[in-house]
Amino acid sequence: MRPVPGLLAVIDMQRVFADPASPWATPRYAEAAAGVARLLPAFGDRVVFTRFLAPARPTGVWRDYYEQWPFALQPPDAELWRLTPEFAGLGAPVLDAETFGKWTPGLAARLAPGSRLVLTGVSTECCVLTTALAAADAGTEVVVVADACAGVDDEAHAKALHVLDLYRPLVRVTTVDGLLGEVGPPEGA
């Protein structure tokens, strides 16, 4: 497979979003995970995973947020914050953040100058959206892979993709097939 240009950021593919019994379950998590898995070979070592974590002591309006979700106030090594088994142990870097948006100095530093950021993961209307907009504001070309993302429900996912698509050319929404098709067939095929 020919490499796809850019850095693949896999946003928050964690047990807390995959587990159907979790208050933060993302119903189409498995479908998004399958899309991510299809993309991984095309990016090789240009992949980074992120994890959402609760702060030890919430401040500001985060205190109100965690009053609604007290189950999440667990340490970084808690089971709910682990990447799901298909992504754990792949050897790719993992960046942690206590914010929805994952456009952090750590993520920005992993992006080659002039390179694009390809976003996948959960949830589309929260962590993917906030990461995309912050990266675009920083002048980074952003591509969101719709079928490698999942939202809290289908309606929220679709609405977030619609909003993201309004930011063209800063942010572009595509599919796994569309992104892989941009580079053409494997060499020698």
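Since we're looking at a predicted model, the values are computed, not measured.

K.L.:
Sorry if this is basic, but what is going on with the overall build of the chain here?
P.N.:
Of regular secondary structure, the chain possesses 7 helices and 6 strands. Reading the secondary structure of the chain in the N-to-C direction produces β-α-α-β-α-β-α-β-α-β-α-β-α. Against the compact-globule benchmark of 16 Å for 189 residues, the chain has a radius of gyration of 16 Å, which places it among compact chains. Projected onto its principal axes, the C-alpha coordinates of the chain cover approximately 55 × 35 × 30 Å. The proportion of buried residues among the 189 residues of the chain is 47%. For the chain, contacts bridging at least 24 residues in sequence account for 79% of all contacts bridging at least 6. When the accessible surface of the chain is totalled, it reaches about 9,200 Å², and 58% of it is carbon and sulfur. Positive and negative side-chain charges in the chain, numbering 15 and 22 respectively, have mean positions lying 4 Å apart.

K.L.:
What is the right way to read the sheet that holds strand β2 (residues 47-52) from this model?
P.N.:
As a general point, the strands of a sheet are linked pairwise by backbone hydrogen bonds and lie either parallel or antiparallel. Ordered by their spatial adjacency, 6 strands build an open sheet running β3-β2-β1-β4-β5-β6, and the pairing between neighbours is parallel. Looking at strand neighbours, the two that pair on one side only are β3 (94-97) and β6 (171-174), the edges of this open sheet. Neighbouring strand axes in the sheet, compared pairwise and without regard to direction, differ in orientation by 25° on average. Two elements, β2 and β3, share 4 bridges in a ladder whose sense is parallel. Counted as the bridge partner of R51 is D96 from β3. Against the sheet, helix α5 (residues 124-137) makes contact with β1 (7-11), β4 (117-122), β5 (142-150) and β6, and its axis sits at roughly 165° relative to β4, the strand it touches most.

K.L.:
I would appreciate a short explanation of the pattern of salt bridges in the present structure.
P.N.:
Two side chains bearing opposite charge may form a pair once their charged atoms approach each other closely. Across all of its chains, the model carries 11 salt bridges by this definition. Measuring nitrogen to oxygen at the nearest pair gives 2.5 Å for the salt bridge that ties R28 to D154. Of this pair, R28 sits in the loop between α1 (15-18) and α2 (29-43) while D154 sits in helix α6 (residues 154-165), placing them 126 residues apart in sequence. The residue E182 makes a salt bridge to R172 at a minimum N-O spacing of 2.9 Å. Of this pair, E182 sits in the segment after α7 (176-181) while R172 sits in strand β6, and the two are 10 residues apart along the sequence. Via salt bridges that share partners, R15, E79 and R82 belong to a single interconnected network.

K.L.:
How should the side chain of S115 be read in this particular structure?
P.N.:
Counting through the fold element by element, S115 comes out in the loop between α4 (105-110) and β4. Setting aside residues up to four positions removed in sequence, S115 forms contacts with G6, L7 and T140.

K.L.:
Teacher, can you tell me more about unusual backbone geometry here?
P.N.:
Outside of glycine, negative phi angles account for most residues, and trans bonds account for most peptide bonds. A cis amide bond links V122 with the next residue in sequence, S123, at an omega value of -20°. Its place among the elements puts S123 in the loop between β4 and α5. Here R168 and P169 are connected by a cis peptide whose omega angle stands at 0°. Inspection of the secondary structure assignment puts P169 in the loop between α6 and β6. Backbone geometry places D12, a non-glycine residue, at a positive phi of 55°. Residue position: D12 is located in the loop between β1 and α1.

K.L.:
I'm lost on α6 in this one. Help?
P.N.:
Helical geometry note: an α-helix holds 3.6 residues per turn, so side chains three or four residues apart project in the same direction. Helix length check: α6, at 12 residues, gives a terminal C-alpha distance of 16 Å against a target of 16 Å (1.5 Å per residue), a fit within 8%. Within α6, burial applies to A156, H157, A160, L161 and L164. The buried residues of α6 occupy an angular sector of 135° when projected down its axis, which confines them to one face. Those residues of α6 that are exposed and aimed more than 90 degrees away from the buried face are E155, K159 and H162. At its buried positions, α6 is contacted by α5, β5 and β6. The N-cap residue of α6 is D153: its side-chain oxygen and the backbone nitrogen of E155 are 3.2 Å apart.

What counts, and where the lines are drawn
Position labels on residues start from 1 in each chain and follow its written sequence. Where local features are concerned, this predicted model is filtered to residues with pLDDT of at least 70; where side-chain atom pairs are given and counted, the filter is 80 or more; whole-chain, interface and lining totals use all residues. Side-chain metrics rest on all non-hydrogen atoms present in the structure, leaving aside hydrogens and water. The secondary structure listing takes helices from DSSP runs of H or I that are at least 4 residues long and strands from runs of E that are at least 2 residues long, numbered from the N terminus. In this treatment the radius of gyration is a C-alpha quantity, and the globule benchmark scales as 2.2 Å times the residue count to the 0.38 power. Here's how the labels work: a residue is buried when its accessible area is under 20% of the maximum for its type, exposed when over 50%, partly exposed in between, all with a 1.4 Å probe on protein chains only. When checking whether two residues touch, look at their non-hydrogen atoms; a contact exists if any pair is within 4.5 Å. In this description, accessible areas are obtained by the Shrake-Rupley approach with a 1.4 Å probe, and a residue is regarded as covered only by the protein chains that are shown. Charge convention: Lys and Arg are scored as positive, Asp and Glu as negative, and His as well as the terminal groups of each chain are ignored. By convention, the charge on Lys lies at NZ, on Arg at CZ, on Asp at CG and on Glu at CD. By this definition, two strands are paired if DSSP reports at least two bridges between them. Fitted lines through C-alpha atoms serve as axes, helices being fitted only where they are in contact, and the angles separating the N-to-C directions of these axes extend from 0 to 180 degrees. Between Lys or Arg on one side and Asp or Glu on the other, a salt bridge is scored when a side-chain nitrogen of the former is within 4 Å of a carboxyl oxygen of the latter. In a helix, the anticipated span is given by 1.5 Å times the number of residues less one. When we speak of the arc, we mean the arc of directions from the helix axis to the C-beta atoms. Within 3.5 Å is the distance limit for a polar contact, defined as a pair of N or O atoms, with the added protein rule that one can donate a hydrogen and the other accept it, and that residues adjacent in sequence qualify only through two side-chain atoms.

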